[in-house]
Amino acid sequence: MARTLILYSRAGCHLCEQMHAQLAAIDLPDDVSLNTVDVDADPALRARFNVKVPVLALDDEILCCHFLDENELRQALSDG
């Protein structure tokens, strides 16, 4: 079953850029895709995640905010 990592972020956010670069350097399993979502393009997402970005979620489960928790990510991917 395919799984999706979602990086909720915004343009001009250095923490968002940092987390995206860290994720790009990780060898993700073949069944996992990475999608980036601009929270400022959706008022509901902006209200939900405004000061928390970047937020990383696997499917509907939030894994971390602000900084990549690689241990949490790897655990969530292995639990999958």
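Just above sits the structure.
Let me begin by describing the structure that accompanies this report. (Residues numbered from 1 in each chain as written. Predicted model: local features only at pLDDT ≥ 70, side-chain atom pairs only at ≥ 80, totals over all residues. Heavy atoms only, no water.)

**Some words on the nonpolar core**
- In terms of nonpolar packing, the biggest core is built from 15 residues, with L5, M19, L23, L56, L63, L68 and L73 touching the most fellow members.
- At the level of elements, β1 (3–9), α1 (14–24), β3 (55–58), β4 (61–65) and α3 (70–79) are the ones that each hand at least two residues to this core.
- Broken down by element, the residue count for this core peaks at three residues, all from α3.
- With sequence-adjacent residues up to four places away left out, L68 is seen in contact with M19, Q22, L23, I26, L56 and L73.
- Grouped together as the second largest cluster of nonpolar side chains are eleven residues, I6, L15, L45 and V55 included. (Core = buried A, V, L, I, M, F, W, Y, C linked by side-chain atoms within 4.5 Å. Buried < 20%, exposed > 50% of the residue type's maximum accessible area, 1.4 Å probe, protein only. Helix = DSSP H or I, 4+ residues; strand = E, 2+ residues; numbered from the N terminus. Contact = heavy atoms within 4.5 Å.)

**Topic: the sheet that holds strand β2 (residues 32–38)**
- As summarised here, the arrangement of the four strands in space is β2-β1-β3-β4, forming an open sheet in which the pairing is mixed. On the outer flanks of this sheet lie β2 and β4, each paired with one strand and no other. Taking the axes of each pair of neighbouring strands and ignoring which way they run, one obtains an average angle of 20 degrees across the sheet.
- One ladder, built from four bridges, connects β3 with β4; its direction is antiparallel. Bridge pairing in β4 places L56 opposite C64.
- Most of the contacts of α1 go to β1, to which it runs at about 155 degrees, and overall it touches β1, β2, β3 and β4.
- In this fold α3 packs onto β1, β2, β3 and β4, with an angle of close to 165 degrees to the strand it touches most, β4. (Pairing = 2+ DSSP bridges. Axes fitted to C-alpha atoms, helices over the stretch in contact; angles between N-to-C directions.)

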